[in-house]
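# A look at the structure
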Amino acid sequence: MAPISFIKYIEAIIYHVVTVRIDKDRLQRIITCYIANEYYPEDLKIEIIHAIDDKKTGFCE
């Protein structure tokens, strides 16, 4: 993966961590899959979708 795409990928994850959409355990699973260059398991994909869709933030999105 090119360095720029890696940075954009991590930036997107960090945004959701900061806005408390992705908890510590879920973040660990995401990073573990990413480092191992594995596709996310279906249950993790669903958890990510629900986490991102369920919570509102104080930011203008």
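Here, the structure is the one placed above.
Parameters and conventions
- Residue positions are given per chain, counting from 1 as you read along its sequence in written order.
- Under the rules for a predicted model, residues below a pLDDT of 70 receive no local features and side-chain atom pairs below 80 are neither given nor counted, while totals for whole chains, interfaces and linings still include all residues.
- To get the side-chain values, take all heavy atoms of the structure and skip hydrogens and water.
- We count a stretch as a helix when DSSP gives it H or I for four or more residues in a row; a strand needs E for two or more, and each element gets its number in order from the N terminus.
- Contacts are assigned to residue pairs with any non-hydrogen atoms lying within 4.5 Å of each other.
- Computed by Shrake-Rupley with a 1.4 Å probe, the accessible areas treat only the displayed protein chains as cover when residues are assessed.
- Partly exposed describes any residue whose relative accessible area lies between the buried limit of under 20% and the exposed limit of over 50%, with all areas from a 1.4 Å probe on protein chains only and scaled to the type maximum.
- Criterion for a salt bridge: a side-chain nitrogen of Lys or Arg within 4 Å of a carboxyl oxygen of Asp or Glu.
- Within this scheme, the nonpolar core is defined by two criteria: the residues are buried Ala, Val, Leu, Ile, Met, Phe, Trp, Tyr or Cys, and they are joined through side-chain atoms within 4.5 Å.
- Multiplying 1.5 Å by the residue count of a helix minus one yields the expected span of that helix.
- The directions considered for the arc run from the helix axis to the C-beta atoms.

What follows is about the overall build of the protein. For the protein, the count of helices and strands is three helices and zero strands. Ordered by position from N to C terminus, the α and β elements of the protein give α-α-α. Restricting to contacts in the protein with at least 6 residues of sequence separation, those with at least 24 account for 46%. A total of about 5,000 Å² of accessible surface is found on the protein, and carbon and sulfur atoms cover 64% of it.

In this section: unusual backbone geometry. One non-glycine residue with positive phi stands out, namely Asn 37, at about 60°. Judged by its relative accessible area of 72%, Asn 37 falls in the exposed class.

For the rest of this paragraph, the subject is the pattern of salt bridges. Per the stated rule, a full pass over the model turns up four salt bridges. Of the charged contacts in the structure, one is a salt bridge between Glu 47 and Arg 26, with a shortest N-O distance of 3.3 Å. With a gap of 21 residues between them, Glu 47 in helix 3 (residues 42-54) and Arg 26 in helix 2 (residues 24-35) connect regions that are remote in the sequence. For Asp 43, the salt bridge goes to Arg 29, with nearest N and O atoms at 3.1 Å. Here Asp 43, found in helix 3, pairs with Arg 29, found in helix 2; they are 14 residues apart in sequence, far enough to count as distant. What makes Asp 43 partly exposed here is its relative accessible area of 42%. Look at Arg 29 and you get partly exposed, because its relative accessible area is 28%.

A word on the nonpolar core. Within the largest apolar cluster, six residues are counted, these being Ile 13, Ile 22, Ile 30, Cys 33, Leu 44 and Ile 48. Going through the elements one at a time, helix 2 and helix 3 are the ones with two or more residues in this core.

Take helix 2 next. Helix length check: helix 2 (twelve residues) gives 16 Å between terminal C-alpha atoms against 16 Å at 1.5 Å per residue, within 8%. Along helix 2, the positions that sit buried rather than exposed are Arg 26, Ile 30, Cys 33 and Tyr 34. End-on, the buried residues of helix 2 take up no more than an arc of 100°, which puts them together on one face. Opposite the packed face of helix 2, turned more than 90 degrees from it, sit the exposed residues Lys 24, Asp 25, Gln 28 and Ile 35. Trailing helix 2 by a residue or two, Asn 37 shows a phi angle of about 60°, which is positive.

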